[in-house]
Amino acid sequence: MNTNVNANVTHANTLCRSVVRFVPALTLVLLSVLAFAELDAPIAGWRLGDPDTPFTQTVQYPAVRPNIDADTPLSAQIRGRIRARGKQPNTATLVVNGNAMPVRLDEGGAFARPYSFGAGSNSVEIVSGEERSRVQFHQSSNGQPVSRLRVVLSWDTDRTDLDLHVITPSGQHAWYGQRVVNGGAIDIDVTDGYGPEIFASPAPEKGLYQIYINFYGGGGSDSLTTAHLAITTNENSPHEKRQEFTVPMRFSGELVLVRQFMYP
């Protein structure tokens with residue numbers, strides 16, 4: 001009698017341990033099945049920074065849209081796919097460390113763009129309608145430049161060309177004709193809609209910055225394009241500061257001074 005009871009108890013404990021091990025694995029499987037999107041890069045967790053991660057993307061002009069080059073390191077990529085829910089949308093929204101930016105989807109729902117992440121806690125979220133998927137990771141510096149100033153320009157219309165212009169304290173002008181200046185660079189010139197165009201600087205000059213948006217062309221004479229500009233200083237630090245601006249752009253050739261500010 002006691003032998004049978006002990007055997008039953010042992011069998012029950014073994015069964016419980018098996019269930020405990022099985023449930024988390026089953027949960028992960030269900031989550032992966034139910035998730036509307038998956039991110040291949042970046043991956044959640046902890047990783048070393050890459051000192052070779054570029055702030056600029058090598059492209060031929062005109063650059064139609066952001067693309068990942070064959071030599072773009074994995075640490076400088078955002079890529080994944082959205083699973084179809086009925087009719088596949090043409091665009092979704094990436095939210096990178098709080099900066100929202102549109103991203104194009106191909107016919108299979110895949111998306112990809114280069115991005116230079118800084119040290120510290122980073123998050124990437126892909127949003128489409130009411131659905132969203134999010135990845136968070138911590139990156140060590142490991143000799144990689146940290147963006148102390150980042151300016152992100154995006155807009156809400158296809159086949160339009162807005163341009164980001166940054167005037168530095170020393171009078172240098174970062175724009176599509178001269179993307180690299182002392183201490184920073186514009187990553188890419190997007191010419192057929194949505195953006196984003198990103199100016200990043202690991203060592204910003206001290207003094208007055210001026211941020212302009214130029215409606216270069218496209219979209220038709222009566223179209224209104226709404227630009228979104230986000231300015232982040234000291235990203236991923238206790239002193240991080242973010243400012244966001246929504247700017248209506250009304251006609252080709254319009255040039256708007258969106259913001260002047262002192263750094264630091």
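No experiment lies behind these values; they were computed from the predicted model shown.

The rules we used
For every chain, the first residue of the written sequence is number 1, and numbering continues from 1 along that sequence. The model is predicted, so local features are restricted to residues of pLDDT at least 70 and side-chain atom pairs to those at 80 or more, both for listing and for counting; the totals for chains, interfaces and linings are taken over all residues. As a convention, hydrogens and water are excluded, and side-chain values are obtained from all of the structure's heavy atoms. Aromatic rings from Phe, Tyr and Trp, with only the six-membered ring used for Trp, were paired whenever their centres fell within 6.5 Å, and each pair was classed as stacked if the ring planes differed by under 30 degrees, edge-to-face if by over 60, and tilted otherwise. Think of it in three bands: with a 1.4 Å probe and only protein chains considered, a residue is buried below 20% of the maximum accessible area for its type, exposed above 50%, and partly exposed in between. A strand pair is defined by DSSP finding two or more bridges across the two strands. Numbering of helices and strands starts at the N terminus; helices are DSSP runs of H or I of at least 4 residues and strands are runs of E of at least 2. Every angle, taken between N-to-C directions, lies between 0 and 180 degrees, and every axis is a line fitted to C-alpha atoms, over only the stretch in contact when it is a helix. Here, a salt bridge means any Lys or Arg side-chain nitrogen found within 4 Å of an Asp or Glu carboxyl oxygen. The criterion used for residue contact is that any of the two residues' heavy atoms lie within 4.5 Å. pLDDT is a residue-level measure of predictor confidence that goes from 0 to 100.

Enquirer: Would you mind going over the packing of aromatic side chains with me for this structure?
Expert: In this description, an aromatic ring pair is defined by two values, namely the gap between the centres and the angle between the planes. If you walk through the whole model with that rule in mind, you get 5 aromatic pairs. For the ring pair Tyr115 and Phe117, a centre distance of 4.9 Å and an interplane angle of 50° mean the geometry is tilted. By relative accessible area, which is 1% here, Phe117 ends up buried.

Enquirer: Please explain the sheet that holds strand E8 (residues 131-139) as it appears in this structure.
Expert: In any sheet, the strands associate via hydrogen bonds between backbone groups, in a parallel or an antiparallel arrangement. Strand order in the open sheet formed by 5 strands is E2-E8-E7-E4-E5, with mixed pairing between adjacent strands. Both outer strands of the open sheet, strand E2 (45-47) and strand E5 (99-104), are each paired with one neighbouring strand and no more. The average angle at which neighbouring strand axes cross in this sheet is 25°, direction not considered. For E2 and E8, the ladder comprises 3 bridges, and the chain directions are parallel. If you follow Arg47 over to E8, its bridge partner there is Gln139.

Enquirer: Hey, could you run me through the pattern of salt bridges in this one?
Expert: Where side chains of opposite charge bring their charged atoms close, a pairing between them can arise. Going through the model one piece at a time under the given rule, you end up with 12 salt bridges. A salt bridge links Arg83 to Glu38; its shortest N-O distance comes to 2.8 Å. Taken as a pair, Arg83 in the loop between strand E3 (77-82) and strand E4 (91-96) and Glu38 in strand E1 (residues 37-41) lie far apart in primary sequence, 45 residues in all. By relative accessible area, Arg83 is classed as partly exposed at 29%. A relative accessible area of 28% means that Glu38 is categorised as partly exposed. A salt bridge links Asp192 to Arg104, with the nearest nitrogen and oxygen atoms 3.3 Å apart. Linking Asp192 in the loop between strand E13 (184-186) and strand E14 (197-201) with Arg104 in strand E5, this pair joins segments that are 88 residues apart in sequence. The exposure class of Arg104 is partly exposed, given its relative accessible area of 21%. A cluster of three or more residues bridged by salt bridges with shared partners is formed by Glu38, Asp40, Arg79, Arg81 and Arg83.

Enquirer: How do you make sense of the sheet that holds strand E6 (residues 110-114) when you look at a structure like this?
Expert: Ordered in space as E1-E3-E6, the 3 strands form an open sheet in which the pairing is antiparallel. In the strand order of this sheet, the two ends are held by E1 and E6, each with one partner. Across the sheet, the mean angle separating the axes of adjacent strands is 20° when strand polarity is ignored. Alignment of E3 against E6, held across 5 bridges, turns out to be antiparallel.

Enquirer: Can you walk me through the environment of His138 in this structure?
Expert: Within the secondary structure, His138 is located in strand E8. In the structure, His138 is positioned 16 residues away from Asn122 in sequence and 6.0 Å away in space, judged by C-alpha atoms. Those residues in contact with His138 that lie beyond four places of it in its chain are Gly45, Trp46, Arg47, Gly120 and Ser121.

Enquirer: In this structure, what is going on with the confidence of the model for the chain? I would like to understand it.
Expert: Where the model shows low pLDDT, its predicted coordinates should not be examined in detail. Scored by pLDDT, the chain comes out at a mean of 83, with 80% of its residues at no less than 70. Of the regions scoring below 50 in pLDDT, residues 18-33 engages in 1 contact with residues more than four places distant in sequence or in other chains.

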